[in-house]
Amino acid sequence: MKSYPISIKPYGQNAVLVEWPNTVDESILKDILQFIDSFKELNLPGWEMSAAYNSLTMVNYYEEIDHEEIKKIITNCYSSNKQFEKKPKQCLWRIPVCYNLDFGIDLEETCKSLKLSKEKLIELHTSFEYVVYGIGFLPGFMYLGGLPEALEIPRRKEPRLSVAKGSVGLAGKQTGIYPQDSPGGWNIIGSCPIPIFDPSLKKPCFANVGDRIQFYKISRAEYDLRKIECEVGIYKLEKIRLNA
Amino acid sequence: MLKILKSGFFVTIQDLGRFGYRDIGVPVSGAMDDVSVKNANKLLENEPNAAVMEITMTGPTLQFDSSTYICLSGAYLSPTLNNKPIENYQVIKVEKGDILSYGRLENGFRSYLAIKGGFKTPKVLGSHSQYFPITQEKCLKNGDEIEYDETNSFDSLLSEIKMENHFEQDYIEVFKGPEYSLLSDRQLAQLFSKIFTVSKANNRMAYQLSELIAGHKHSMLTSGTIPGTLQLTPAGRLIVLMKDGQTTGGYPRILQLSKASICMLAQKKFGDSLTFKLL
């Protein structure tokens, strides 16, 4: 297992920021996830950890951190971690998207500026597996990386005051799903009928950082059916375990 | 039940926060000025995490339907119980039918109403703290009824404390943030010599400051943010994330407020001034 140079920075009285090399790379993300697993095994009380791209924010709300001490603990944990070849659990989620123009309010304009037919755009969007590099901005909002270059398009010049929950959008090198109604500047190309974040569930967000997402196209009729299935609680997302 | 006869400007139920969900993007929430909350709960001999009412700027009118004990803290909004003035940091008995209302804002910005045993609103993801859409409502509204336990007698160890208002100082104590080293000499000089004022864009998510400092062109990968993180936008605007702030951000995190300074900033309002002091 490759070892990276990591830096450990104090982040106020209750948090530490651990940083890996400054690049978007799935193997770095996996290394961070593996570190999280090893750190959890230390059973130190009160720690919450969240990974995004090349960094890990570690917060302890219960007590003030002794920054010298935690730096040693993290350094030791990271180097001893390398002796084992444990792989973090990762899943591939297959997520339905309806690219109907009722939902994909920017689809025609996006096709025009990317010089793609609607069919080609949908084919491209659904043929890649996207990596969840982080969850933030809104509860359950996934930063998805791995978009093909042909789908890279700048944010809209004027953000919308409200983008509907479930909207699937494109912006820069990213694609994503709005988990709730929210202001936003992404180009909306479709909608996902599955709730991405449901606070009434024990696990409100099905995905974890490090998982993969692949979209597949559904018709308007199937969208409506999935929506009803979700409301009555009988829909199950398709999940494939990776590196099991 | 405590009935909200008139809801005021922005009133929510808060405890100390919703812990354990930042990895799926859930803000920690909780009382903005948790020092005031802990003191009020201590006087009532409640758990530190007992749910309280957070009252911003203008107070509600509230009616109790059974006996209990209350304690007010934080900003002083000239509260009255059945039209008689009452003070902060006193254990006060209330009876069925009593009406608590508020008047002029004398100091601070956020006032707290703690109640014996805490408010009994349902917990969502382990916390009473209101944050939409984790909780169904973002704040309390006219006619809402909030559950609490009836308490007929309570011999408190302390019936009042004299508190110096912990939020009246005008400097904010900060630590270096993760991207502090990106700051130029000019930016540093501005940051630690200018007097800043709280802009109109201030709420439970973030406080923006009115004055700009020199801008920058650094772009960074999205990374974690926490309450008290001070971000610098490319245009040179300073934004302090507060309790409902998002868990990730893409602007350089130049400073990190001390815990005490988060409480202090939470008691500042539009137009109030402050300076930064590096710890």
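Note that the structure is predicted; figures quoted are calculated from it, not measured. (Residues numbered from 1 in each chain as written. Chains lettered and ligands numbered in written order. Predicted model: local features only at pLDDT ≥ 70, side-chain atom pairs only at ≥ 80, totals over all residues.)

1. Considering the overall build of chain B
Rule in force here: Helix numbers and strand numbers start at the N terminus; a helix is a DSSP run of H or I with at least 4 residues, a strand a run of E with at least 2. We compute the radius of gyration over the C-alpha atoms and compare it with the globule rule, which gives 2.2 Å times the number of residues raised to the power 0.38. Using C-beta atoms placed from the backbone, we call a residue buried if 20 or more other C-beta atoms fall within 10 Å of its own, exposed if 12 or fewer do, and partly exposed for counts in between. Two residues qualify as a contact pair if the distance between their C-beta atoms, derived from the backbone, is within 7 Å.
Scanning chain B from terminus to terminus reveals three helices and 20 strands. Its C-alpha radius of gyration of 20 Å places chain B within 12% of the 19 Å reference for a compact globule of 279 residues. With respect to the principal axes defined by its C-alpha atoms, chain B has extents near 60 × 35 × 35 Å. By the burial criterion, 48% of the 279 residues in chain B qualify as buried. For chain B, the share of sequence-separated contacts (at least 6 apart) that also reach a separation of at least 24 residues comes to 77%.

2. Some thoughts on the pairing of strand E4 (residues 61-64) of chain B
Residue and element names in this part refer to chain B. Formally: Following DSSP output, two strands are said to pair if at least two bridges run between them.
Side chains Leu62 and Phe64 project from E4 onto a buried face, and the interleaved Thr61 and Gln63 project onto a face without burial. Bridge analysis of strand E1 (residues 2-6) against E4 gives four bridges, and the strand direction is antiparallel. Bridge pairing in E4 places Lys6 opposite Thr61. With two bridges joining them, E4 and strand E9 (residues 99-101) adopt antiparallel strand pairing. Counted as the bridge partner of Gln63 is Ile99 from E9.

3. Looking at the sheet that holds strand E2 (residues 10-14) of chain B
Residue and element names in this part refer to chain B. So the rule is basically this: Axes, fitted as lines to C-alpha atoms, cover a helix only where it is in contact. Angles between the N-to-C directions of the axes lie from 0 to 180 degrees.
The strand order across the open sheet formed by five strands is E2-E3-E10-E5-E8, and the pairing between neighbours is antiparallel. Two strands lie at the open edges of the sheet, namely E2 and strand E8 (92-94), each paired on one side alone. The mean inter-strand angle of the sheet, taken between neighbouring strand axes irrespective of direction, is 30 degrees. Where strand E5 (residues 68-76) lies against strand E10 (residues 107-115), six bridges are found, and the strand directions are antiparallel. The residue bridging Ile70 from the neighbouring strand is Ile115, located in E10. Sitting on the sheet, helix H1 (residues 34-43) touches strand E3 (52-56), E5 and E10, and the angle it makes with E5 is about 155 degrees.

4. As for unusual backbone geometry
Cis geometry is adopted by the peptide bond preceding B:Pro133, which originates at B:Phe132 and carries an omega value of 5 degrees. Within the secondary structure layout, B:Pro133 lies in the loop between E10 and strand E11 (145-146). Not every positive phi belongs to a glycine, and A:Asn43 is a case in point at roughly 55 degrees. For A:Asn43, the location among the structural elements is in the loop between helix H1 (26-41) and strand E3 (47-52). With phi around 65 degrees, B:Met57 is a residue other than glycine that occupies positive phi space. When you line up the elements, B:Met57 lands in the loop between E3 and E4. In this structure B:Met57 comes out as partly exposed when scored by C-beta crowding, with 18 C-beta atoms within 10 Å.

5. Overview of the UniProt feature "domain: Carboxyltransferase" (unreviewed entry) in chain B
Operational definition: UniProt positions are given in the numbering used here, feature names are shortened, and annotations may be inferred rather than shown by experiment.
Those places that UniProt annotates as "domain: Carboxyltransferase" (unreviewed entry) correspond, in this numbering, to residues 23-279 of chain B. Each end of residues 23-279 of chain B is marked by a C-alpha atom, and these two atoms are 29 Å apart; helix forms 11% of the span and strand 31%.

6. A closer look at the confidence of the model for chain A
Inclusion rule: A residue's pLDDT is the confidence the predictor assigns to it, expressed on a 0 to 100 scale.
Summing up the model confidence of chain A, the mean pLDDT is 93 and the portion of residues at 70 or higher is 97%. Per-element confidence in chain A ranges from a low mean pLDDT of 85 for strand E14 (residues 238-242) of chain A to a high of 98 for strand E2 (residues 15-19) of chain A.

7. Some thoughts on the interface of chain A and chain B
Under the convention used in this document: Throughout, the ten residues Ala, Val, Leu, Ile, Met, Phe, Trp, Tyr, Cys and Pro are labelled nonpolar, Asp, Glu, Lys and Arg are labelled charged, and all others, Gly among them, are labelled polar.
At the interface, 33 residues of chain A touch 26 residues of chain B. Put simply, the parts of the chain that give the side of chain A that touches chain B at least two residues each are strand E1 (7-10), E2, E3, strand E4 (55-60) and strand E6 (130-135) of chain A. Counting residues per element, the side of chain A that touches chain B draws most heavily on E3(A), which supplies four residues. For the side of chain A that touches chain B, a count of residues per class yields 20 nonpolar, 11 polar and two charged.

8. A few points about the domain arrangement of chain B
All names here are of chain B. To keep things clear, this is the line we draw: Just so you know, the domain bounds were taken from an automatic or database domain assignment.
The domain architecture assigned to chain B consists of domain 1 (2-146) and domain 2 (171-278). Spacing between the C-alpha centres of domain 1 and domain 2 amounts to 27 Å. Counting only elements with at least two residues in the side of domain 1 that touches domain 2, the list comes to H1, E5 and E10. Looking at the side of domain 1 that touches domain 2, the element that brings in the most residues is E10, giving three residues.

9. Regarding the sheet that holds E2(A)
In sheet architecture, strand pairing relies on hydrogen bonds along the backbone and comes in two forms, parallel and antiparallel. All names here are of chain A. Taken in spatial order, the four strands line up as E1-E2-E4-E3 in an open sheet, and their pairing is antiparallel. The sheet is open, and its two edges are formed by E1 and E3, each paired on a single side. Going from strand to strand, the sheet's axes swing by 20 degrees on average, the running direction of each strand aside. Sheet topology places E3 next to E4; six bridges connect them, and they run antiparallel.

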